[in-house]
Amino acid sequence: MAATYVGNMMGDKNMSFWGNEWARQAIVEFDRHQTLSEFNSGTYTGVTLYALSLWGYMPTNSTIHGRATDIITRTWESVGYYYNPTLMTLGGPWDRTYGFSLKSYLGILGVHITGLIGGIDDGSAPIPLPLVGSEHYADAAIIALTPLISKFHDQYVPPSVLAKLTKLTQSHTHFEQAVSQPFDDLAYPRNYTSWTQGGLSVGGIEVDANVIGGPATSPSAFTPGIILWDAGEGQATGWISHYATSRTIRAVVTEKNLSISYPPSRAFPDLATGKSNVMTFLVSGFRGVTLPPDFGSGGSANLPGLKLAVSGNVVDEGQRIFVYGVAFINDLPYYNLTYVLPEGLDVPEIVLAFDKM
C-alpha cells in the first residue's frame, strides 16, 4: 500500500510497479484458498484488514483497488465462523496469538469488532476493560487510526457476519484451509477444523511444514490445538492449548473431541529435523482451584465449567509429567501436562473429549 500510494504521489513508476506487483503476489496467495496465509489471528487479521482498507486512498488503476473489498468481505466471513460472542473472543485455532482471550489482551481484530458492534458500556466488547495495563496495550494506537479507514471498510462487512458477532444462534463446525510458502508445500495446505457452541470454542490445525511453530515459526504463538470455555462466575476464560513441538501435527476437532497425533510427514519426508518425542498441553490456572498432581491420570478430569476425558496410545504408553508455574506463556502461568513418547510408537495420538458444564 505504501509503495502504491507514494509511487503515485511522487510519479515514481518503479515504486508504483512494485506496489502493484506485491499486491498481485498477495492476491495470488489469498486466492489459493480464499484465506490469509497467516490465518485466524486476533492481531494480524486486524492488521491486514486495516491495510486492505487503505484501498480507498489508492489510485483507481492500482492492482489492490480492484480486489481489496472482496478480500475484506471474505476475511470477515471466516471471522464470523470463529468468533464466539458467548465468550467475547475469537475462537481457535490460531496461526499466531498473543493471548487466549481478546478480553485479556488487546488484539487489533478486537478493536475492529468493537467498532462494528460496540459493547464497551455493557462489557461485551472483545477488548480488555480497562485498556490501560492490559497485555499488548501498545497496539491501542490503532484505535485512533481506524476511523480514517472505516468508510472503506465497514460497508464490506456482511450483515450476516455482524449478526454472528453479536449473537450465537446455533452451534456449528467449520473447515478452512490456508498455506504459507516457503514453510508449507502447496500440495499439503494447513487444514483447520473447529467447533463453536455456547460457552465453548475448540479448534485444531492439521499442519505438515518444514518448521516447528507454523507460519509464525513460533511454538509459543502458533496454537494448533485449543479448547476455550466459560469457566464460570469469578473465573477468566479457561483454556487448554497444545504446545507445538513437532512440525507435523494432525489436530482435528469434532463436536465431541479434539484429537491430536503426530503422523509421518508427507510434504517433507526427507527432512530429519522437527520430530518430537513429547506431546505437551498447557492448562490455564483457576482462581481458588488447585489441580491435583494426578490430574487426568485416570482418564478423566473435572475443571471449572468443563468435563474432560483423556485417551489414546500416548496416554496408555507414554510417561506422564504434570507441573505448575515453571514458566509463562503470554505472561500467564500454566499447568504443563507432558507425555514423553515411548520408542516404537508409529503414530502417537491423544484424544481430548470435552463436555461443557
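For the structure itself, consult the block above.
Anyway, here's the lowdown on the structure attached to this text.

Moving on, we come to the overall build of the protein. Each helix and strand in the protein was counted, giving 8 helices and 15 strands. Computed over its C-alpha atoms, the radius of gyration of the protein comes to 21 Å, within 12% of the 21 Å expected for a compact globule of 357 residues. Going through the 357 residues of the protein one by one, you find that 52% of them count as buried. Accessible surface for the protein amounts to roughly 15500 Å². Of this, 54% is attributable to carbon and sulfur atoms. The positive charge centre, built from 20 side chains, and the negative charge centre, built from 30, are 4 Å apart in the protein.

Take the pairing of strand 12 (residues 306-311) next. Burial along strand 12 is one-sided: the face carrying Leu306, Leu308 and Val310 is buried and the face carrying Lys307, Ala309 and Ser311 is not. Where strand 11 (residues 300-303) and strand 12 come together, 4 bridges link them in antiparallel fashion. Bridging from a neighbouring strand, Ser300 pairs with Ala309 of strand 12. Counting the residues that bridge the hairpin from strand 11 to strand 12 gives 2 residues, and of these Gly305 lies at a positive phi of roughly 85°.

Once that is clear, we can look at the nonpolar core. When a protein is soluble and globular, its nonpolar side chains tend to lie buried together. Of all hydrophobic cores here, the largest spans 77 residues; its most connected members are Trp76, Ile227, Trp229, Ile240, Leu306, Ile350 and Leu352. In terms of residues, this core owes the most to one element, helix 4 (residues 68-82), which gives 6 residues. Not counting the four nearest positions on each side in its chain, Ile240 is found in contact with Gly225, Ile226, Ile227, Trp229, Phe281, Leu282, Val283, Leu303, Leu306, Leu308 and Leu352. Judged by nonpolar contacts, the second largest core, of 9 residues, contains Tyr50, Leu106, Ala125 and Ala140.

On to the pairing of strand 15 (residues 349-356), then. Sheet analysis places strand 9 (residues 257-261) next to strand 15, joined by 5 bridges and oriented antiparallel. Residue pairing across strands places Ser261 opposite Glu349, the latter belonging to strand 15. Note that strand 12 and strand 15 share 6 bridges and pair antiparallel. Counterpart to Leu308 in the pairing with strand 15 is Phe354.

Our focus in this paragraph is helix 3 (residues 44-52). Of the residues making up helix 3, those classed as buried are Thr45, Gly46, Leu49, Tyr50 and Leu52. Along helix 3, the residues classed as buried sweep out an arc of 165° about the axis, all on the same side. Of the surrounding elements, those touching the buried residues of helix 3 are helix 4, helix 5 (108-117) and helix 6 (146-149).

Taken as a whole, this structure holds 4 cavities of 30 Å³ or more when the rule is applied. Lining the largest cavity are Phe30, Gln34, Thr35, Leu36, Glu38, Phe39, Asn40, Thr45, Arg74, Thr75, Ser78 and Val79. By residue number, the principal contributor to the lining of the largest cavity is helix 4, which donates 4 residues. Within the lining of the largest cavity, the residues separate by chemical class into 4 nonpolar, 6 polar and 2 charged.

Before going further, it helps to examine unusual backbone geometry. Between Leu129 and Pro130 the backbone carries a cis peptide bond, its omega angle lying at 0°. The residue Pro130 is located in the loop between helix 5 and helix 6 in this model. A positive phi angle is found at Met88, which is not glycine, with a value near 60°. Residue classification places Met88 among the partly exposed positions, given a relative accessible area of 24%.

When the charged atoms of two side chains lie near each other, side chains of opposite charge can form a pair. All told, the structure shown has 9 salt bridges when counted by the stated rule. A salt bridge links Arg32 to Glu29; the nearest nitrogen and oxygen atoms lie 3.1 Å apart. Of this pair, Arg32 and Glu29 both sit in helix 2 (residues 13-33), 3 residues apart, which is roughly one turn of that helix. With a closest N to O distance of 2.7 Å, Arg96 and Glu38 form a salt bridge. Highlighted residues: Arg96 in the loop between strand 2 (89-90) and helix 5 and Glu38 in the loop between helix 2 and helix 3, separated in sequence by 58 residues. Among the ionic contacts, a cluster of salt bridges with common partners joins Asp31, Arg67 and Asp70.

We now examine the packing of aromatic side chains. For the structure on display, the rule yields 14 aromatic pairs. Arranged with centres 5.7 Å apart and planes meeting at 80°, the rings of Phe39 and Tyr82 form a pair that is edge-to-face. Residue Phe39 is located in the loop between helix 2 and helix 3, and its partner Tyr82 is located in helix 4; the two are separated by 43 residues in the primary sequence. We note that Phe39, like Tyr82, is buried. Summarising the aromatic geometry, the rings of Tyr324 and Tyr335 are spaced 4.4 Å apart at their centres and angled 45° between planes, so their arrangement reads as tilted. One end of the pair, Tyr324, is in strand 13 (residues 319-329); the other, Tyr335, is in strand 14 (residues 332-340), and 11 residues separate them in sequence. Grouped by ring-pair contacts, the aromatic residues Trp55, Tyr57, Phe152 and Tyr156 constitute a single cluster.

Scoring rules and cut-offs
- Residues numbered from 1 in each chain as written.
- Predicted model: local features only at pLDDT ≥ 70, side-chain atom pairs only at ≥ 80, totals over all residues.
- Heavy atoms only, no water.
- Helix = DSSP H or I, 4+ residues; strand = E, 2+ residues; numbered from the N terminus.
- Rg over C-alpha atoms; globule rule 2.2 N^0.38 Å.
- Buried < 20%, exposed > 50% of the residue type's maximum accessible area, 1.4 Å probe, protein only.
- Areas by Shrake-Rupley, 256 points an atom, 1.4 Å probe, with all protein chains shown as cover.
- Lys, Arg positive; Asp, Glu negative; His and termini not counted.
- Charge placed at Lys NZ, Arg CZ, Asp CG, Glu CD.
- Pairing = 2+ DSSP bridges.
- Core = buried A, V, L, I, M, F, W, Y, C linked by side-chain atoms within 4.5 Å.
- Contact = heavy atoms within 4.5 Å.
- Arc of directions from axis to C-beta.
- 1 Å grid on protein atoms, 1.4 Å probe; cavity = no way out; pocket = protein on both sides within 12 Å on 5 of 7 lines; lining within 4 Å.
- Points joined across faces, edges and corners; volume = space filled by probe spheres on them.
- Nonpolar A, V, L, I, M, F, W, Y, C, P; charged D, E, K, R; others polar.
- Salt bridge = Lys/Arg side-chain N within 4 Å of Asp/Glu carboxyl O.
- Phe/Tyr/Trp six-rings, centres within 6.5 Å; stacked < 30°, edge-to-face > 60°.

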